[in-house]
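Architecture at a glance
Take a look at the letters that make up each chain.
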Amino acid sequence: MDITRESETKSVDFSTANAEGLRALENAVHRDLEFLQYPRREWVSPRTAADGRRILDVLVIGGGQSGLVTAFALMRERINNILVIDENDEGLEGPWLTFARMKTLRTPKYLTGPDLGIPNLTPRAWFEAQYGEGSWEGVGLVPKEEWARYLAWYRRLLKIAVRNRTRAGAIEWWEAEECFCIPIVSEDGPGELLARKVVLATGISGSGQWRVPDFVTDELPRHFYSHTREDIDFDALRGKRVGVLGAGASAFDNASLSLENGASEVHLFFRRKELVRVNPYRWAEFSGFLRHHRDLPDDLRWKFIHKIICMGQLPPADTFERARRHRNFHLHPGSAAHGIAVGDKDFVLKTANGEHTLDYLIVGTGFVTDLSSRPELQKFSSSIALWEDRFSPPADECLEDMLRHPYLGPHFELTEKNGGEAPWLSSIFNYTFGCLLSQGFGGASISGMKYSVPRLVEGITGQLYRDDIDQHFESLESFNLREF
Ligand SMILES: Cc1cc2nc3c(=O)[nH]c(=O)nc-3n(C[C@H](O)[C@H](O)[C@H](O)COP(=O)(O)OP(=O)(O)OC[C@H]3O[C@@H](n4cnc5c(N)ncnc54)[C@H](O)[C@@H]3O)c2cc1C
């Protein structure tokens, strides 16, 4: 099985971005889109509520890569009565320029996805237009700032309508208008949006929440710890003894940044007897899995994802090396942490492999799946079918978190726990990490985008067409454009 491993970028001077080159590429993209403009007809009749308010065809919650690419894919199907909202300032959507503390993406540079098959829209085309033909060869993994710049360019070039500083609250179905009412809070204050379909592109934790183990929240005063998802004052860790819980990529990124900011020592604790060194995500980069995981029967979908999850997450080689090169970095395998004894200025972390006196704790334990914790789903999370409602795993494959994954339909749509209770749930599409079990790689990953966004959009266009099918037949019946 031939799989290449990438490494750090060798020789690209990022201060020399060629604006002329980028303009030429933008013209090429516009030309591509013009050449590919078929079918051309707008086909979804706009709706307004009885009170005159506009009803969007699709509201996309989340302006990160998933939200942007979904919006572009919808626009290519001539669905333009759409809006993307994001709670963050423009350019700060997602983790890239906020809590992602890696130097580069973790996924290989050859992954495509946002381009939707248009070569001039690929990250490589964007990169080479600025840094010169062949410059891509000098890239190992794409620097995260460059990825964020690519997404900003993508949004601007394709004129994707995004409303920033706008947070969606608890979605509600409005039977009378056959649409959703979505309360929002934005810089203009509270408001509401109406939409026929809703896409949850709310990120990796979009089907749950970031998790801090109970023994930490119960026993350690708040000023002694942060989760990797949070803002961390790394300067304040200078000269400190820092503990890190977890052995995923973010745990190592935060350990490295603590060391690079002068922490006196950093101890990384993890439960496994040894570090995971094989990345199942690399195995999964083939059309069979990416395109057809969702077609498998439940027991096989469960079996594959259970295996992928049990194989574990690991830091990319550079990320591991970035921490390991520090002599005051200490790995503690087989050291599940279970308790804390707090002192005046420091605390003792109790692990399965001994106790350690520390000054600060960084929690890199990821997130849990729990739809009931999502603000957007507050009004009906208990009506959403989960895997635990549809499947009983073999005893030796029972992972609680997997059972809480939403049991999605073939196009990422939510399904009802009890038939007839909330049929409108199928008009909400979960394009977050919570789709993993049902759909394989989809939301919240670049790896699955190439296949998952077209599948998601096929679900939305299919519903909009079927919902208005009488109108479409009437328009056929009344169609009398004479050819001559
Ligand atoms: C640190 C880190 C590094 C990663 N590195 C990689 C990588 O190298 N390669 C890879 O393939 N994947 C990576 N991932 C996984 C994944 O690709 C990223 O999480 C990516 O950001 C997912 O894109 P997204 O658009 O689905 O979600 P996000 O980029 O997270 O965007 C979702 C947006 O929705 C907003 N939002 C959420 N709820 C609401 C609401 N109610 N109202 C309004 N806005 C809301 C969020 O604030 C966020 O801005 C990484 C994830 C993390 C956390």
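Residues numbered from 1 in each chain as written. Predicted model: local features only at pLDDT ≥ 70, side-chain atom pairs only at ≥ 80, totals over all residues. Heavy atoms only, no water.

**As for the sheet that holds strand β14 (residues 337-342)**
Two pairing modes exist for strands in a sheet, parallel and antiparallel, and in both the strands are linked by backbone hydrogen bonds. If you walk across this open sheet you meet the three strands as β14-β15-β16, and the pairing is antiparallel. The outermost strands of the open sheet, each flanked by one partner alone, are β14 and β16 (354-358). Ignoring which end each strand starts from, the neighbouring axes of this sheet average 25° apart. When strand β15 (residues 347-351) meets β16, the two strands line up antiparallel, connected through five bridges. Counterpart to lysine 350 in the pairing with β16 is glutamate 355. (Pairing = 2+ DSSP bridges. Helix = DSSP H or I, 4+ residues; strand = E, 2+ residues; numbered from the N terminus. Axes fitted to C-alpha atoms, helices over the stretch in contact; angles between N-to-C directions.)

**Quick notes on the side chain of serine 447**
Note that serine 447 resides in the loop between α13 (436-439) and α14 (449-467). According to the relative accessible area criterion, serine 447 is buried, its value standing at 7%. In this structure, serine 447 is in contact with Thr107, Leu111, Tyr281, Arg282, Leu290 and Phe441, ignoring residues within four places of it in sequence. (Buried < 20%, exposed > 50% of the residue type's maximum accessible area, 1.4 Å probe, protein only. Contact = heavy atoms within 4.5 Å.)

**Points about the packing of aromatic side chains**
Scanning the entire structure with this criterion turns up 29 aromatic pairs. Geometrically, the ring pair formed by phenylalanine 127 and tryptophan 136 is edge-to-face, given 5.3 Å between the ring centres and 70° between the ring planes. The same class applies to phenylalanine 127 as to tryptophan 136, namely buried. Following the ring pairs from residue to residue traces out a cluster consisting of Phe72, Trp126, Trp147, Tyr150, Trp153 and Tyr154. (Phe/Tyr/Trp six-rings, centres within 6.5 Å; stacked < 30°, edge-to-face > 60°.)

**Side note on the site of the ligand**
Taken together, 31 residues are adjacent to the ligand, and Ser66, Glu87, Arg106, Thr107 and Glu376 come closest. Separating an oxygen atom of the ligand from a side-chain N or O atom of glutamate 87 is a distance of 2.4 Å. Taking glycine 94, its main chain carries an N or O atom lying 2.9 Å from an oxygen atom of the ligand. With three residues, strand β5 (residues 166-168) is the largest single contributor of residues to the shell around the ligand. Tallied by class, residues from the shell around the ligand come to twelve nonpolar, twelve polar and seven charged. (Near = heavy atom within 4 Å. Polar contact = N/O pair within 3.5 Å; in protein donor to acceptor, adjacent residues only side chain to side chain. Nonpolar A, V, L, I, M, F, W, Y, C, P; charged D, E, K, R; others polar.)

**Section: the sheet that holds strand β13 (residues 329-332)**
Here five strands make up an open sheet; going across it, the order is β10-β17-β11-β12-β13 and the pairing parallel. Only two strands of the sheet have a single neighbouring strand rather than two, namely β10 (225-227) and β13. Across the sheet, the mean angle from the axis of one strand to that of its neighbour is 20°, orientation sign disregarded. Here strand β12 (residues 265-269) runs beside β13; their pairing, made up of four bridges, is parallel. Residue leucine 268 lies in a different strand from β13, and its bridge partner there is leucine 331. Its contacts with the sheet put helix α6 (residues 249-260) on β11 (241-245), β12, β13 and β17 (360-363), and the angle it makes with β12 is roughly 170°.

**Let's talk about the domain arrangement of the chain**
Annotation of the chain at the domain level lists domain 1 (6-207 + 369-471) and domain 2 (212-277 + 314-365). Each of domain 1 and domain 2 was reduced to a C-alpha centroid, and the two centroids are 33 Å apart. Counting residues at the interface gives eight residues for domain 1, matched by 14 residues for domain 2. Here domain 1 and domain 2 share an interface that buries about 1000 Å² over both sides, 49% of which is from carbon and sulfur atoms. Among the residues of domain 1 in contact with domain 2, Phe99, Arg101 and Arg106 are the three that bury the most area, contributing 67% of the side total. (Domains from an automatic or database assignment. Buried area = accessible area lost by both parts, 1.4 Å probe.)

**Section: the pairing of strand β2 (residues 54-61)**
A large share of β2 lies buried, amounting to seven of its eight residues. As paired strands, strand β1 (residues 47-48) and β2 are joined by two bridges and run antiparallel to one another. Opposite arginine 47, over in β2, you have isoleucine 55 as the bridge partner. Where β1 folds back on β2, the antiparallel hairpin that results is connected by five residues, among which glycine 52 adopts a positive phi of roughly 85°. Examined bridge by bridge, β2 and strand β8 (residues 189-200) share five bridges and lie parallel to one another. From the neighbouring strand, valine 60 faces β8, where its bridge partner is valine 199.

**Considerations on the packing of helix α1 (residues 19-35) against helix α4 (residues 144-157)**
As a packed pair, α1 and α4 sit with axes 12 Å apart at the nearest point and diverge in direction by 50°. One way to sum up the angle between α1 and α4 is to call them oblique. When you trace α1 past α4, the crossing you get is right-handed. Listed contacts from α4 to Leu22, Leu25, Glu26, Val29 and His30 of α1 are Trp153, Arg156 and Leu157. Class assignment of the residues belonging to the contact of α1 with α4 gives a composition of five nonpolar, one polar and two charged. (Parallel < 35°, antiparallel > 145°, perpendicular 65-115°, else oblique. Left-handed = near helix turned anticlockwise from the far one by under 90°.)

**Overview of a nonpolar patch on the surface**
On the surface, a nonpolar cluster with roughly 490 Å² of combined accessible area is contributed by Phe473, Leu476, Phe479 and Leu481. Relative to the helices and strands, leucine 481 resides in the segment after α15 (469-477). With relative accessibility at 61%, the residue leucine 481 sits in the exposed group. (Patch = residues over 30% accessible without salt bridge, like charges linked within 9 Å, V, L, I, M, F, W, Y side chains within 5 Å. Areas by Shrake-Rupley, 256 points an atom, 1.4 Å probe, with all protein chains shown as cover. Salt bridge = Lys/Arg side-chain N within 4 Å of Asp/Glu carboxyl O.)

**Section: the pattern of salt bridges**
One pass over the full model with this rule turns up 31 salt bridges. The partner of glutamate 192 in a salt bridge is arginine 53, and the shortest N-O contact between them spans 2.8 Å. Of this pair, glutamate 192 sits in strand β8 while arginine 53 is found in the loop between β1 and β2, placing the two residues 139 residues apart along the sequence. The class for arginine 53 is partly exposed, based on a relative accessible area of 28%. The salt bridge partner of arginine 374 is glutamate 376, with a shortest N-O separation of 2.9 Å. Take arginine 374 and glutamate 376: they sit in the same class, and that class is buried. Because the salt bridges share partners, they merge into one network encompassing Arg47, Glu178, Arg196, Lys197, Asp467 and Asp468.

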